[in-house]
Amino acid sequence: MTERDTSASSPAGHGRPHVVSPAALLGTVAFLFALTVVTVAVSRLDLGAMNVVAALGIATLKAIAVAAIFMHLRYEGRFHVVVLVGCAIFAALLVGFVVFDTTRYQPDLRAHEAAAARRPAR
Amino acid sequence: MSGGGSTPYLAVQFRDMEAQTETGKLGVWLFLGSEILFFGGLFTAYSVYRANHIELFRYAHFFLDWRLGAFNTFVLLTSSLSAAWAVRCAQLGQRRGLRLTLVVTFLLAAVFLVVKYFEYSHKLHNGIAWGAACHPSAEILASLPDTARALPVPVHLGTFFSIYYLMTGLHGVHVLVGMGLFAWLLRRLPTFGPDHWGAVDGVALYWHLVDLVWIFLFPLFYLI
């Protein structure tokens, strides 16, 4: 994956496009295949809460490999990285805050449901 | 579109093909950003339900075959390779290689959907639908391992499968759209070359995003 290209990476406005070399493409897909095997193997082990962390961590590594090489982010303008990473951060913020909120209120909700179940039906 | 420049593919508003390609690429990236936010809402639904009803996600594993999910992961990763290779072929003006990589990508997308079709039809045939319509058949419950048969069928199993069908289904729609885009590229094949490869690049970027979403869907539904 460290293999560089056949034509130099160029800033916008000058020169030829970046062409990703066959070695970089094949190296990336081999890395992705290997991580798929690893994520299945790790999920067979009982690690408790760490199973989720391991699965998401490996998926994130795979996503970075796809974005960096297949999507050319390693070779070109930073603004595309800002769009991708920025949107990923906002999506993660949405998930994170909504989950904080729902887990915060869940005990109250369960207690209320239990109390409602105890009350005689009218 | 006709341009005043050196090639027939240059639109009037652009200085040269490079400016046109770069502008198109930026547009595709902004679209991909909106796609991430769109799937972000679905991942939020998954996370909220998982945070509150982890037992459902454990139980639902008995109905999801990780081997089919892993097979489809390899299929999509390979199709991403062929899509990336198609961009390389277009940039280098290798038209035969471009045709081959586009056809391979199209066919791998079809394989993905065929596997998905068998997964969906097996579930629906056994009463595993979404929402209140989810009533697993006696036949499929009897086929579960002993550890699963000892458990009662969770009341809200249908909500898990609503999320499953919505997320994998919308991803499947993206795969279908991708197949249409690859067919469109194949029709326009003679126009592509070292000066004109923006459309191949844009479709490939979209296809990599479809792959990225599956990279997360596979472990979330089939493994954990």
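Keep in mind that what you see is a predicted model, and the values were worked out from it rather than measured.

Calculation rules
- Residues numbered from 1 in each chain as written.
- Chains lettered and ligands numbered in written order.
- Predicted model: local features only at pLDDT ≥ 70, side-chain atom pairs only at ≥ 80, totals over all residues.
- Helix = DSSP H or I, 4+ residues; strand = E, 2+ residues; numbered from the N terminus.
- Buried ≥ 20, exposed ≤ 12 C-beta atoms within 10 Å, placed from the backbone.
- Contact = placed C-beta atoms within 7 Å.
- Nonpolar A, V, L, I, M, F, W, Y, C, P; charged D, E, K, R; others polar.
- Expected span 1.5 Å × (residues − 1).
- Domains from an automatic or database assignment.
- Core = buried A, V, L, I, M, F, W, Y, C linked by C-beta atoms within 7 Å.

**Notes on the overall build of chain B**
Moving on, step 1. The number of helices and strands found in chain B is eight helices and zero strands.
Moving on, step 2. When the helices and strands of chain B are placed in sequence order, the string is α-α-α-α-α-α-α-α.
Moving on, step 3. Projected onto its principal axes, the C-alpha positions of chain B cover 70 × 30 × 25 Å.
Moving on, step 4. Across the 224 residues in chain B, those meeting the buried criterion constitute 37%.
Moving on, step 5. Counting only contacts in chain B whose residues sit at least 6 apart along the sequence, the fraction spanning at least 24 positions is 75%.

**Side note on the overall build of chain A**
Moving on, step 1. The helix and strand tally for chain A stands at three helices and zero strands.
Moving on, step 2. For chain A, the succession of helices and strands along the chain, N to C, is α-α-α.
Moving on, step 3. Put simply, chain A has 122 residues, and 24% of those count as buried.
Moving on, step 4. Within chain A, contacts between residues separated by at least 24 positions form 41% of all contacts whose residues are at least 6 apart in sequence.

**Description of the interface of chain B and chain A**
Moving on, step 1. Contacts between the two partners involve 35 residues from chain B and, on the opposite side, 35 residues from chain A.
Moving on, step 2. Counting residues per element, the ones that place at least two in the side of chain B that touches chain A are α1 (17–52), α3 (66–92) and α8 (198–223) of chain B.
Moving on, step 3. Looking at the side of chain B that touches chain A residue by residue, the classes come out as 22 nonpolar, 10 polar and three charged.

**Observations concerning helix α1 (residues 22–44) of chain A**
Moving on, step 1. Look at α1 of chain A: 34 Å from first C-alpha to last across 23 residues, which is about the 33 Å you get at 1.5 Å a residue.
Moving on, step 2. Of the residues making up α1 of chain A, those classed as buried are Ala-24, Leu-25, Thr-28, Val-29, Leu-32, Thr-36, Thr-39, Val-40 and Ser-43 of chain A.

**Considering the domain arrangement of chain A**
All names here are of chain A.
Moving on, step 1. Looking at chain A, the domain boundaries give domain 1 (1–76) and domain 2 (77–122).
Moving on, step 2. Counting residues at the interface gives four residues for domain 1 and four residues for domain 2.
Moving on, step 3. Of the residues in the side of domain 1 that touches domain 2, the class split is three nonpolar, no polar and one charged.

**Some remarks on the nonpolar core**
Moving on, step 1. Core analysis: the largest hydrophobic core is formed by 78 residues, its most contacted members being Ala-84, Ala-86, Ala-90, Val-200, Ala-204, Val-213 and Leu-217 of chain B.
Moving on, step 2. Among the elements of the structure, α1, α2 (50–70) and α3 (78–118) of chain A together with α1, α3, α4 (95–125), α7 (157–187) and α8 of chain B are those that each provide at least two residues to this core.
Moving on, step 3. Looking at this core element by element, the count peaks at 18 residues for α8 of chain B.
Moving on, step 4. When residues of this core are assigned to domains, at least three map to each of domain 1 (1–76) and domain 2 (77–122) of chain A.
Moving on, step 5. For Val-213 of chain B, the residues in contact, after removing those within four places along its chain, are Phe-39 and His-171 of chain B.

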